[in-house]
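# Examination of the molecular architecture
The primary structure of each chain is shown beneath.
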Amino acid sequence: MEPKIPYLLRTHQPGDMGWIVQRQSILYAEEYGWDETYEALAAEIVAQFLRNYNPKCERAWVAERDGRRVGAVFVAKESDEIVKLRLLHVEAEARGLGIGKRLVKECVQFARQTGYQKMTLWTQSILHAARHIYKEVGFQVVSEKKHHSFGKDLTAETWELNLKNDSVNSMSSRER
């Protein structure tokens, strides 16, 4: 009997982006008490991605486990040199399997292969697991700003990764 693969990654299909908005909205409401204004932001980000989607320079990944979606992320073109990592999340029951890190690494690898110079992302300081992944992959915080959003007082962070750095490329295939 073959060992069971813990999860698989695939590109997005119709219905996935609506699921991303729904699951992120519910997850952040349950885990952090965020209100419906986060759902509006996530829906705007997804709508913009789908309206402007160019598969040559943008990509989305959905993680599945036992036939169920358990995580997702995507990269959206900001300019010819800069790409943004957007809406990373992993469902609670699938955490600890390395899905989040793998999703971020897929984004970085795609961005490098596509010729981008830099990847940016916007997150909140309370999202400790995601921040840990970003730091581990090589992103650095370049700005912080206190704000009141999603019904909470938060600290927004902008992170950047120089894609000309070969740290991810030098990892063994086992680490990827």
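These remarks concern the structure in this document. All values derive from a computational prediction rather than experimental measurement.

The rules behind these values
- Residues numbered from 1 in each chain as written.
- Predicted model: local features only at pLDDT ≥ 70, side-chain atom pairs only at ≥ 80, totals over all residues.
- Heavy atoms only, no water.
- Helix = DSSP H or I, 4+ residues; strand = E, 2+ residues; numbered from the N terminus.
- Polar contact = N/O pair within 3.5 Å; in protein donor to acceptor, adjacent residues only side chain to side chain.
- Core = buried A, V, L, I, M, F, W, Y, C linked by side-chain atoms within 4.5 Å.
- Buried < 20%, exposed > 50% of the residue type's maximum accessible area, 1.4 Å probe, protein only.
- Contact = heavy atoms within 4.5 Å.
- Phe/Tyr/Trp six-rings, centres within 6.5 Å; stacked < 30°, edge-to-face > 60°.
- Expected span 1.5 Å × (residues − 1).
- Axes fitted to C-alpha atoms, helices over the stretch in contact; angles between N-to-C directions.
- Parallel < 35°, antiparallel > 145°, perpendicular 65-115°, else oblique.
- Left-handed = near helix turned anticlockwise from the far one by under 90°.
- Nonpolar A, V, L, I, M, F, W, Y, C, P; charged D, E, K, R; others polar.

## As for the side chain of E64
Position of E64 relative to the elements: it lies in strand β2 (residues 59-65). Of the polar contacts made by the side chain of E64, one reaches the side chain of R10; its length is 2.7 Å.

## Describing the nonpolar core
Residues L85, V104, M119, Y134 and F139 are the most contacted members of the largest nonpolar core, which totals 51 residues. Sort the elements by how many residues they give to this core and helix α3 (residues 99-114) lands first, with 7 residues. Those residues in contact with V104, other than ones at most four positions away along the chain, are L85, L88, I133, Y134, V137 and F139.

## Let's talk about unusual backbone geometry
If a residue is not glycine, its phi is most likely negative; likewise, a peptide bond is most likely trans. In the Ramachandran plot, D66 falls in the positive-phi region, its phi being about 50° despite a non-glycine side chain. Tracing the backbone shows D66 in the loop between β2 and β3 (68-77). A positive phi angle, close to 60°, is found at F150, a residue other than glycine. You can call F150 buried: its relative accessible area is 7%.

## Let's talk about the packing of aromatic side chains
In the structure shown here, the tally under the stated rule is 12 aromatic pairs. Between Y28 and Y32, the ring centres sit 5.9 Å apart and the planes meet at 40°, which makes this aromatic pair tilted. Linking Y28 with Y32, this pair stays in helix α1 (residues 16-32), spanning 4 residues, or about one helical turn. On the accessibility criterion, Y28 (8% relative accessible area) is buried. Measuring from centroid to centroid gives 5.2 Å for Y38 and F150, while their planes differ by 85°, and the two rings are edge-to-face. Linking Y38 in helix α2 (residues 36-52) with F150 in the loop between β6 (140-149) and β7 (152-162), this pair joins segments that are 112 residues apart in sequence. Of the residues examined, Y38 reaches a relative accessible area of 7% and is grouped as buried. Here a set of aromatic residues connected by ring pairs shows up, and it is made of Y28, Y32, W34, Y38 and F150.

## Details of α1
With 17 residues, α1 extends 23 Å from end C-alpha to end C-alpha; this agrees with the ideal 24 Å at 1.5 Å per step. Taken together, the buried positions of α1 are occupied by D16, M17, W19, I20, V21, Q24, S25, L27 and Y28. Its buried side turned inward, α1 meets β1 (8-11), α2, β2, β3 and β4 (82-90). Looking at the residues trailing α1, positive phi occurs at G33, about 75°.

## Looking at the packing of α3 against helix α4 (residues 128-137)
What describes two packed helices is the angle between their axes and the distance between those same axes. Contact geometry of α3 with α4 gives a least axis separation of 10 Å together with a crossing angle of 45°. As far as their axial angle goes, α4 and α3 are oblique. Crossing of α3 over α4 shows right-handed handedness. Contacts between α3 and α4 involve G100, K101, V104, K105 and V108 from the first element and I133, Y134, E136 and V137 from the second. Its residues assigned to classes, the contact of α3 with α4 comprises 5 nonpolar, 1 polar and 3 charged.

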